[in-house]
There are 2 protein chains.
Amino acid sequence: MTLASQITQAQSTGEPSSKTNERESFAPDTLSPEELALIHAYWRAANYLSVGQIYLLDNPLMREPLLAEHVKPRLLGHWGTTPGLNLLYVHMNRLIKARDLNTIYITGPGHGGPALVANAYLDGTYSEVYSGITADTDGIRALFRQFSFPGGIPSHVAPETPGSIHEGGELGYALVHAFGAVYDNPDLLALCVVGDGEAETGPLAASWHSNKFLNPVTDGAVLPVLHLNGYKIASPALLARIPESELADLMRGYGYDPLFVTGEDPAHVHQLIAAALDTAADKIAQIQHDARENGVTDRPAWPMIVLRTPKGWTGPKVVDGLPVEGTFRSHQVPLAATRTNAEHRDQLEEWLRSYRPAELFDDEGRLLPELQALTPTGDRRMSANPHANGGALLRDLRLPDFRDYAVEVTAPATQMHEATKVLGAWLRDVIVHNPDNFRLMGPDETASNRLQTVFEETTRAWDAITFDGDDHLSPDGRVMEVLSEHLCQGWLEGYLLTGRHGLFNCYEAFIHIIDSMFNQHAKWLKTTRHIPWRRPIASLNYLLSSHVWRQDHNGFSHQDPGFIDHVMNKKAEIVRVYLPPDGNTLLSVADHCLRSRNYVNVIVAGKQPALSYLTMDAAVAHCTRGLGIWEWAGNTDGEPDVVLACAGDVPTLEVLAAADILRRNLPELKVRVINVVDLMRLQSEAEHPHGLSDRDFDALFTADKPVIFAYHGYPWLIHRLTYSRNNHKQIHVRGYKEEGTTTTPFDIVMLNDLDRFHLVMDVIDRVGSLGSSAAVLRQRMADARLSARAYTREFGEDDPAITNWVWPSE
Amino acid sequence: MTLASQITQAQSTGEPSSKTNERESFAPDTLSPEELALIHAYWRAANYLSVGQIYLLDNPLMREPLLAEHVKPRLLGHWGTTPGLNLLYVHMNRLIKARDLNTIYITGPGHGGPALVANAYLDGTYSEVYSGITADTDGIRALFRQFSFPGGIPSHVAPETPGSIHEGGELGYALVHAFGAVYDNPDLLALCVVGDGEAETGPLAASWHSNKFLNPVTDGAVLPVLHLNGYKIASPALLARIPESELADLMRGYGYDPLFVTGEDPAHVHQLIAAALDTAADKIAQIQHDARENGVTDRPAWPMIVLRTPKGWTGPKVVDGLPVEGTFRSHQVPLAATRTNAEHRDQLEEWLRSYRPAELFDDEGRLLPELQALTPTGDRRMSANPHANGGALLRDLRLPDFRDYAVEVTAPATQMHEATKVLGAWLRDVIVHNPDNFRLMGPDETASNRLQTVFEETTRAWDAITFDGDDHLSPDGRVMEVLSEHLCQGWLEGYLLTGRHGLFNCYEAFIHIIDSMFNQHAKWLKTTRHIPWRRPIASLNYLLSSHVWRQDHNGFSHQDPGFIDHVMNKKAEIVRVYLPPDGNTLLSVADHCLRSRNYVNVIVAGKQPALSYLTMDAAVAHCTRGLGIWEWAGNTDGEPDVVLACAGDVPTLEVLAAADILRRNLPELKVRVINVVDLMRLQSEAEHPHGLSDRDFDALFTADKPVIFAYHGYPWLIHRLTYSRNNHKQIHVRGYKEEGTTTTPFDIVMLNDLDRFHLVMDVIDRVGSLGSSAAVLRQRMADARLSARAYTREFGEDDPAITNWVWPSE
């Protein structure tokens, strides 16, 4: 019987009889007594530094009795998860050294910031990147003081924490980040600590299945550690409260081979976790060997560890008469009144001294050499692993010239193409040229979004069972499809944060599913911009298709253009939004986005056959400006009577059709047509780096003429972007006003008053005093709307006279 | 060996050897030959009506040869999942009749709309609620025509579909809705079909654990059916591509007792599914009996069914030389060109005739009586079950008089209270008075959000293992805590949609996790308002606390006030946003929200000790108006020189402190203070039912004086709400501009220029020409900011001179 199976069998049956369910009957001796003593001492050092960060302003090594003024007045931090994180850190250090592993540490319970900071300090990285935090007593004092302190560092595993690609402030994404990190990194091991609180979230529950998308040959490995400390803030954690046999079933059902480590006696747990990590590392090595050397293609059962230790382990057992260690009361700060309550302060002093700091640090406050010797060195330190500072590893994409993929446009608005399909051919070759550095994510919508040309050269990543007749599946596919926007987003984040590139294609409405994940990534990017040692990473690129105006077949639930609004609340320096109206502009925008760094780029584009407007040269020029007058569509070189503005493919079509009607019927009316690709151009230059100056804005949109703005999304956004413009009072916006159902494309447009006929009516109403011909035209437009609706109700499709409209030849 | 265990054992081992892995060795004979024939005929009828909806404009019963003009020009619908949904429907009808069950049908694959419409038509409900869709040939023609047709009905299981509380347009929420529906409905059984696509989503993956929150005594039962038809739009479905033993482990790990039904021969599958449903119903009855009669308290292993049948079952096997039945190609419309391609049309004709409609419907187009006899009657029909039209069952809450819970406010802004704690006492008694009709949801934050007073009278719902020292857990708790905002939201939606009441309390930042679920619920509400037979349901109420300004300890990841912006994109008739500044106003607002119907109410309130402003009487008057001048805080009865407006507790504090500074230092400056509770009041009356008229707005905010608006969230929202107001150019907004970290509360306020000192500077800058004393004051304010920052950097807490500010006594 192997050690691994002993651990599994010893630990995985029956109900937990107590919170930790220690089984003294089994005690491996993986660690020699000397090794055990050293590892335990290192763990004590990490725990000591963690408690010190939460509590101490001064007296960093407890060389004096603890006084009130040594304690921070405001205590902010999370102790509960910290000792477990420290335990795993020191044992991973041992594993890395023993096997020369290339490892990053993903901290699901990211509020356990003290642990990761302490370990980065102990292995020397912290002092290397933050020169003020020296490896001596003053450095420890500064380390303690800065934690959760104004002007200092956050309480969580934040971008400021060396070795982190994962804050864990919003819970649920540890495991999906870990998998994203190891895809196409065959040498990398991601240790991923999943808190038992986080394990209750939907995204985490789905993330376990990421193993079906991992190729043991070309991807690295994830070692999940489900850390059961039993409680969240106040409630118990679900997975800590089901029979261990049920939990084992669950993990096996997810496709893992679980190892259980349970205990509260440190010496015992050190031996168990060391043995479990050895076993897991052996299994991973065996799986990779089998796949890489022996050609084994069956999906393996990857190891994972269930670690059950007390919450707030080694902290105060009882405070004010209530149990703390092992309960939810140890979640944050177990002793809350240490500055004013002498009894609490005494308990804190006892707690700190229980780690025997004098036996860990020398007179200068340096970690003793024999403990220093336990850490890996250089890039092998998890805190210094370059994969956790992905920009340091970033290679530029090899991008084929997008101009070569242009569609020919002999005259504007006369030929039809599918914009995303045009892009698909270029993406196919992006994939070909970057076989290990680019991935295309999407929730089973790659073909639906008309990017299917990529399958000429790649497949969908898939390491589960296949059948004859499946469409383009293999373990090494560059396209990742799973019906979970959370996984698509999380994998891509992990992939980008470790220095690679990618694109997430999604139905526009359902990208809201990851609103909150976008928030967290945007916040990460904003923060890293101000951390000198963090190198820029590739931008997070979204391609939103199957958009609001062409979800006529799926109906109201699929119609929501609000992600743009959501994105706009984040810092201007981070976010970019593009609405290319056709295939050539989409190519130009996509090329720009894939070259950019540290942004979130949102591209909204159509997939249905639609008119093309610009030649490639014109598209490049137009996209470079971000917006511009389409002279050919207007009828004046000079000051117009009215501006017709548009952003988005369907609004552009309707504006052009409206301009055509106006030019034919009211030729004296001077119309200017402006198309906006880069939405940020509308903002003031004070608000966004792409913003137009007021002078340039006025030159385009005039200072006082009516502007009828046909916009892709919710109309209020245009008001928000332009509220400070001189001409704002005259800007009249049409967009999606949440009127939808299953109907025809033009009917949806009409339901929201964005149609060409209504735009003409808007022009007439806004310009005013256009005389009787305008009044006649207005009535004709109203009638045209009624006719169009009657046609669809009669025939179930749009009137071809409308759908076949093209720009008239001169 | 019981039948159940035979099914399990026969079906749950080994790998699927083919897609459907039929095992002929086992064939139960649950159905007599006559019953089998009738059930099969009924299933054919449902399938026939489903195909007819997708394809036919005319010739509804195929009494003539199929011509091109009989076929819709635009084919929109989803066939793939439909036969499986129909299969379950007819077999559930049998089960309901046999046992007089009270059952609703939750359709995870909601795009299978044709199935649910067909079944509601077959059992007569459809014709009852839609009188134009009669039970005859004309009715069938109309039924077919309306489907996915302009002016008709959506293609999904939409609000228009009788018997539905779940659209399933956005996937992931079927199971959580099902559980929400059965909580406190001991008599109800929710059949929940989970598609194998949907099963990949995070929310669904977490939803399985809802069984740990279900009390077999007082709650009903959910019977999940995981329907493996093998494919999503293009990719295979994960759970269909893991070994069956692994899937069985997964389901057992989730706490279920799985029954496997696999096949493609209809007669065989009819017998298997009938036996499986009988077994499941027996188990459920036994579990409920044990819990209710015998006092068994162990968490039971509830049954669930894995149904593996071909996608697009009974549809075309091969189209244009490519396999369709059993593949992803049957997902939507298997024959795409039936109007123009005669071969496709021949195949469609053959397909439709394969169901032998002449043997199912009589000459008038009525379902044959022996088939009609298979359906339950009256409310027992799943399409007519009142639980699926929850408003019909809605009982008003018994609300204690909130005035009795008021805090005493002897003078404005001089006494401190914790607003949410004030609310907690009232909520405690709401729970007491509505023991089976109200639930409080939250992701383990009920106590953190200071609502802990509720635990004086109730507990957290919990049906997993408990330990000594756990805090308020029991199976019948009224508080539902799980670290998944998705589950909190989904349970509450299911609870509300079946006619009950509730409140979701959440950290403000993380409510974005359910942005998309909110979208779908708001769309559902909007649609139901226009469906006469849908009765109004209780509003969806959010209490957002631990808000952006008081996440100083958790840092940047916990700071996001953007949910309000997100909500505002939905229809004005649905959404309401309230920002009560203190405890008494919170009580008044909460009472109003819990009484309301068919809205989404968002309440943002503080949990930290903060100043109270209004007596209960004043609070009621203020909340009734929604906004108003606080005369006591200003220094003019007449026209002011400047308006200081505020919305939210922290902005209100800062505005009042700024007003205090201004009144002391620039007594000649006439200041008006306006507090806004109901954010919708700012909009134009044309945009929102709560909107102020321009005249009223001008009377409050003036037509031309500077307005300094301190707002809780992202400042742009105020511009969006007021852009059309006369005085918009003069409205200057301060709010959260995405500057955050771990620091002190006042430092966060300063980082975003919302602090009292900066507001005074804003006033001086905007009013202009205030002379030298103003210039001096401005400099003092700038210095005060520097001092405040220096204080926090030195001491790690805010200057007590700032935090202790109260409104001066006159």
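Residues numbered from 1 in each chain as written. Chains lettered and ligands numbered in written order. Predicted model: local features only at pLDDT ≥ 70, side-chain atom pairs only at ≥ 80, totals over all residues. Heavy atoms only, no water.

**Quick look at the overall build of chain A**
Point 1. Helices and strands together make up the secondary structure of chain A, namely 25 helices and 22 strands.
Point 2. Each principal axis of the C-alpha atoms in chain A carries an extent, and together these give about 95 × 65 × 45 Å.
Point 3. Taking all contacts inside chain A whose residues are at least 6 apart in sequence as the whole, residues at least 24 apart take part in 78%.
Point 4. Carbon and sulfur atoms provide 49% of the accessible area of chain A, an area that totals close to 23500 Å².
Point 5. Averaging the positions of the 71 positive and the 102 negative side-chain charges in chain A gives two centres separated by 4 Å. (Helix = DSSP H or I, 4+ residues; strand = E, 2+ residues; numbered from the N terminus. Contact = heavy atoms within 4.5 Å. Areas by Shrake-Rupley, 256 points an atom, 1.4 Å probe, with all protein chains shown as cover. Lys, Arg positive; Asp, Glu negative; His and termini not counted. Charge placed at Lys NZ, Arg CZ, Asp CG, Glu CD.)

**What to know about helix H9 (residues 244-253) of chain B**
Residue and element names in this part refer to chain B.
Point 1. Of all ten residues in H9, eight are buried, a share of seventy percent or more.
Point 2. The set of residues buried in H9 consists of Glu244, Glu246, Leu247, Ala248, Asp249, Leu250, Met251 and Gly253.
Point 3. Of the residues trailing H9, Gly255 is marked for its positive phi of about 100°. (Buried < 20%, exposed > 50% of the residue type's maximum accessible area, 1.4 Å probe, protein only.)

**Describing the relation of the copies chain B and chain A**
Point 1. Expressed as a screw operation, the relation of chain B to chain A combines 0.0 Å of axial shift with a rotation of 180°, fitting to an RMSD of 0.0 Å. Here the symmetry operator amounts to a two-fold rotation axis. Across chain B, the smallest distance between a C-alpha and the rotation axis is recorded for Gly202 of chain B, namely 2.0 Å.
Point 2. A high fraction, 100%, of the interface residues of chain B reappear at the interface in chain A, so the copies pair face to face through one surface. (Least-squares fit on C-alpha atoms with pLDDT ≥ 70 in both.)

**Regarding the interface of chain B and chain A**
Point 1. Each partner contributes residues to the interface: chain B has 124 residues there, and chain A has 124 residues.
Point 2. One can count 15 salt bridges joining chain B with chain A.
Point 3. As a salt-bridge pair, Arg241 of chain B and Asp470 of chain A come within 2.7 Å of each other at their nearest N and O atoms.
Point 4. Where chain B packs against chain A, one counts 62 residue pairs in polar contact (both at pLDDT 80 or more). (Salt bridge = Lys/Arg side-chain N within 4 Å of Asp/Glu carboxyl O. Polar contact = N/O pair within 3.5 Å; in protein donor to acceptor, adjacent residues only side chain to side chain.)

**Describing the pattern of salt bridges**
Residues and elements named next belong to chain A.
Point 1. In total, this model carries 102 salt bridges over all chains according to the counting rule given.
Point 2. For Asp278, the salt bridge goes to Arg94, with nearest N and O atoms at 3.1 Å. Here Asp278, found in helix H10 (residues 266-293), pairs with Arg94, found in helix H3 (residues 82-99); they are 184 residues apart in sequence, far enough to count as distant.
Point 3. By relative accessible area, which is 15% here, Asp278 ends up buried.

**Thoughts on the packing of H3 of chain A against helix H4 (residues 113-122) of chain A**
Any two packed helices are characterised by how steeply their axes cross, that is the angle between the axes, and by the distance between the axes.
All names here are of chain A.
Point 1. Interaxial distance between H3 and H4 falls to 8 Å at its minimum, and their mutual angle equals 35°. The crossing of H3 and H4 is right-handed. Packed against H3, whose contacting residues are Thr82, Leu85, Asn86 and Tyr89, the element H4 presents Pro114, Ala115, Leu116 and Asn119 at the interface.
Point 2. Looking at the contact of H3 with H4 residue by residue, the classes come out as five nonpolar, three polar and no charged. (Axes fitted to C-alpha atoms, helices over the stretch in contact; angles between N-to-C directions. Left-handed = near helix turned anticlockwise from the far one by under 90°. Nonpolar A, V, L, I, M, F, W, Y, C, P; charged D, E, K, R; others polar.)

**Quick look at the nonpolar core**
Point 1. Counting 376 residues, the largest nonpolar core has Leu679 and Phe701 of chain A together with Leu679 and Phe701 of chain B as the members making the most contacts within it.
Point 2. Among the nonpolar cores identified, the runner-up in size contains 86 residues, and Cys646, Leu666, Val673 and Val749 of chain B belong to it. (Core = buried A, V, L, I, M, F, W, Y, C linked by side-chain atoms within 4.5 Å.)

**A closer look at the domain arrangement of chain A**
Point 1. Parsing chain A into structural domains produces domain 1 (31-385), domain 2 (402-611) and domain 3 (627-803).
Point 2. Centre-to-centre separation of domain 1 of chain A and domain 3 of chain A, based on C-alpha positions: 57 Å. (Domains from an automatic or database assignment.)

**Overview of the sheet that holds strand E3 (residues 221-228) of chain B**
Sheet strands pair by backbone hydrogen bonding; their relative direction is either parallel or antiparallel.
Residue and element names in this part refer to chain B.
Point 1. With respect to topology, five strands assemble into an open sheet ordered E1-E2-E3-E5-E4, the strand pairing being parallel. Edge positions in the sheet fall to strand E1 (102-107) and strand E4 (256-262), since each of these pairs with one other strand and no more. On average, adjacent strands in this sheet sit at an angle of 20° to one another, irrespective of strand direction.
Point 2. Examined bridge by bridge, E3 and strand E5 (residues 302-308) share four bridges and lie parallel to one another. If you follow Val225 over to E5, its bridge partner there is Ile305.
Point 3. Seen against the sheet, H9 touches E3, E4 and E5 and runs at an angle of roughly 145° to E4. (Pairing = 2+ DSSP bridges.)

**Here we look at the packing of aromatic side chains**
Residue and element names in this part refer to chain A.
Point 1. As enumerated under the stated definition, the model contains 59 aromatic pairs over all chains in all.
Point 2. A ring pair is formed by Tyr48 and Phe144, whose centres lie 6.4 Å apart and whose planes are at 55°; its orientation type is tilted. A residue pair is termed long-range when its members are at least 10 positions apart, and Tyr48 in helix H2 (residues 33-55) and Phe144 in helix H6 (residues 137-146) qualify at 96 residues. Here Tyr48 matches Phe144 in class, with each residue buried.
Point 3. The interplanar angle of 75° and the centroid separation of 5.9 Å between the aromatic rings of Phe746 and Phe757 together place this pair among those described as edge-to-face. With Phe746 in helix H22 (residues 745-751) and Phe757 in helix H23 (residues 756-767), this pair connects stretches of sequence that are eleven residues apart. Of the two residues examined, Phe746 and Phe757, each falls in the buried class. (Phe/Tyr/Trp six-rings, centres within 6.5 Å; stacked < 30°, edge-to-face > 60°.)

**Observations concerning the environment of Leu614 of chain B**
All names here are of chain B.
Point 1. Secondary-structure assignment places Leu614 in the loop between strand E17 (609-611) and helix H18 (616-625).
Point 2. When the C-alpha positions of Leu614 and Gly583 are compared, they lie 8.7 Å apart, and in sequence the two are 31 residues distant.
Point 3. When sequence neighbours within four positions are dropped, the list of residues in contact with Leu614 reads Val409, Asp582, Asn584, Thr585, Ala619, His622, Trp630 and Trp632.

**A few points about unusual backbone geometry**
Negative phi values dominate among residues other than glycine, just as trans dominates among peptide bonds.
Residues and elements named next belong to chain A.
Point 1. Even without being glycine, Asn59 reaches a positive phi, approximately 60°.
Point 2. Secondary-structure assignment places Asn59 in the loop between H2 and H3.
Point 3. Not every positive phi belongs to a glycine, and Thr314 is a case in point at roughly 75°.
Point 4. Residue placement: Thr314 occurs in the loop between strand E5 (302-308) and strand E6 (318-319).

**As for the packing of H2 of chain A against H3 of chain A**
All names here are of chain A.
Point 1. With their axes 9 Å apart at the nearest point, H2 and H3 run at an angle of 140° to one another. Considered as vectors, H2 and H3 are oriented oblique to each other. For the crossing formed where H2 meets H3, the hand is right-handed. Mapping the contact onto sequence places Glu35, Ile39, Tyr42, Trp43, Ala46, Asn47 and Ser50 in H2 and Thr82, Pro83, Asn86, Leu87, Val90, His91, Asn93 and Arg94 in H3. (Parallel < 35°, antiparallel > 145°, perpendicular 65-115°, else oblique.)

**Section: the side chain of Asp249 of chain A**
Point 1. Inspection of the secondary structure puts Asp249 of chain A in helix H9 (residues 244-253).
Point 2. Asp249 of chain A has contacts with Asp249, Leu250, Arg252 and Gly253 of chain B, leaving out every residue within four places of it along the chain.

**Section: the sheet that holds strand E22 (residues 731-734) of chain B**
Residues and elements named next belong to chain B.
Point 1. Read from one edge of the open sheet, five strands run E18-E20-E19-E21-E22, paired in mixed fashion. Pairing within the sheet leaves two strands with one partner each, and these edge strands are strand E18 (627-629) and E22. Direction aside, the axes of adjacent strands within the sheet are offset by 20° on average.
Point 2. Two strands pair when backbone bridges link them, and E18 and strand E20 (residues 671-676) are joined in this way by three bridges, in the antiparallel orientation. Looking at E20, one finds that Leu627 is bridged to Val676.
Point 3. Strand contacts of helix H19 (residues 649-665): strand E19 (642-647), E20 and strand E21 (707-711), with the helix running at about 155° to E19, the strand carrying the most contacts.

**What to know about the side chain of His728 of chain A**
Point 1. Note that His728 of chain A resides in the loop between helix H21 (716-722) and strand E22 (731-734).
Point 2. Residues in contact with His728 of chain A, not counting those within four places in the same chain, are His719, Thr722 and Tyr723 of chain A together with Tyr723 of chain B.

**Considering the pairing of strand E13 (residues 501-507) of chain A**
Residue and element names in this part refer to chain A.
Point 1. Counting buried residues along E13, seven of its seven residues qualify, which places the element largely inside the surrounding structure.
Point 2. Across four bridges, the pairing between strand E9 (residues 438-442) and E13 is parallel. In the sheet register, Leu440 faces E13, and the bridge partner there is Leu503.
Point 3. Where E13 and strand E14 (residues 540-545) come together, five bridges link them in parallel fashion. Note on E14: the bridge partner recorded for Phe504 is Tyr542.

**Section: the state of the cysteines**
Residues and elements named next belong to chain A.
Point 1. Inspection of the entire model under this criterion finds zero disulfides over all chains.
Point 2. Cysteine Cys488 is unpaired, with the sulfur of Cys506 as its nearest cysteine sulfur at 7.3 Å.
Point 3. Given the relative accessible area of 0%, Cys488 is considered buried. (Disulfide = S-S within 2.5 Å.)

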